[in-house]
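Listed here are the chains, written in short residue letters.
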Amino acid sequence: MTQLIVSLITIVLIIHLFLLAVAYGIMLERKVASWIQNRIGPNRTNFSFGIFKFKHHHWGLGQALADGIKLVFKEDYTPPHVNKGLFILAPALAVVPAMLAWAIMPWGGY
């Protein structure tokens with residue numbers, strides 16, 4: 001039972017580390033693209049979102065949180081004349097094989 005709990009905690013931590021790395025990798029890509037194109041990048045996004053009063057902008061570190069909030073509240077659009085079940089299931093069918101490649105990695109001890 002203890003091994004199951006440790007395995008579940010390890011799985012959750014690894015998934016969250018990957019998601020956090022991807023979010024800030026995207027932010028880094030946006031910053032580099034804005035530097036190359038000589039425009040303002042995500043450097044003004046902070047953790048206040050206009051509600052709280054923070055003195056500094058925190059170098060755009062709230063961009064990943066802003067993207068997540070936008071994704072949650074985004075309109076769910078399903079085109080007409082599509083198989084709705086397959087349309088919803090298609091992203092999972094693309095991601096699951098990629099995630100299964102990590103299943104063979106030994107994350108534990110023995």
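Residues numbered from 1 in each chain as written. Predicted model: local features only at pLDDT ≥ 70, side-chain atom pairs only at ≥ 80, totals over all residues. Heavy atoms only, no water.

So, the overall build of the chain
In terms of helices and strands, the chain carries three helices and zero strands. Counting from the amino terminus, the chain carries its helices and strands in the arrangement α-α-α. In the chain, which comprises 110 residues, the share counted as buried stands at 11%. Carbon and sulfur atoms provide 72% of the accessible area of the chain, an area that totals close to 9800 Å². (Helix = DSSP H or I, 4+ residues; strand = E, 2+ residues; numbered from the N terminus. Buried < 20%, exposed > 50% of the residue type's maximum accessible area, 1.4 Å probe, protein only. Areas by Shrake-Rupley, 256 points an atom, 1.4 Å probe, with all protein chains shown as cover.)

Here we look at a nonpolar patch on the surface
On the surface, M1, L4, I5, L8, I9, I11, L13, I15 and L19 cluster together into a nonpolar patch covering about 920 Å² of accessible area. Position of L8 among the secondary structure elements: in helix α1 (residues 2–36). (Patch = residues over 30% accessible without salt bridge, like charges linked within 9 Å, V, L, I, M, F, W, Y side chains within 5 Å. Salt bridge = Lys/Arg side-chain N within 4 Å of Asp/Glu carboxyl O.)

Some remarks on the packing of α1 against helix α2 (residues 63–72)
Remark: α1 packs on α2, axes separated minimally by 9 Å, with the N-to-C direction vectors making an angle of 110°. The orientation of α1 with respect to α2, classified from their angle, is roughly perpendicular. Crossing of α1 over α2 shows right-handed handedness. For the pair α1 and α2, contact is made by A23, Y24, M27 and R30 and by Q63, A64 and D67, respectively. (Axes fitted to C-alpha atoms, helices over the stretch in contact; angles between N-to-C directions. Parallel < 35°, antiparallel > 145°, perpendicular 65-115°, else oblique. Left-handed = near helix turned anticlockwise from the far one by under 90°. Contact = heavy atoms within 4.5 Å.)

What about α1?
For α1, with 35 residues, the first-to-last C-alpha span of 51 Å sits near the 51 Å given by 1.5 Å per residue. Looking at α1, one finds that the buried residues are I14, M27, A33 and S34. On its buried face, α1 sits against α2. Downstream of α1 by one or two residues, N38 has phi in the positive range, about 55°. (Expected span 1.5 Å × (residues − 1).)

Quick notes on unusual backbone geometry
The residue H81 is not glycine, and still its phi comes out positive at about 65°. Structurally, the position occupied by H81 is in the loop between α2 and α3 (84–100). Owing to a relative accessible area of 82%, H81 belongs among the exposed residues under this scheme.

A few points about the confidence of the model for the chain
Predicted confidence across the chain gives a mean pLDDT of 81, with 77% of residues reaching 70 or more. Between the elements of the chain, mean pLDDT differs from a low of 79, seen in α2, to a high of 90, seen in α3. (pLDDT = per-residue confidence, 0-100.)

Observations regarding the side chain of S34
Summarising the element assignment, S34 is placed in helix α1. A distance of 2.8 Å separates a polar atom in the side chain of S34 from the backbone oxygen of K31. (Polar contact = N/O pair within 3.5 Å; in protein donor to acceptor, adjacent residues only side chain to side chain.)

Some remarks on the environment of R30
Counting through the fold element by element, R30 comes out in helix α1. Residue class for R30 comes out partly exposed when judged on its relative accessible area of 30%. C-alpha separation for the pair R30 and I40, spaced 10 residues apart in sequence, amounts to 9.8 Å.

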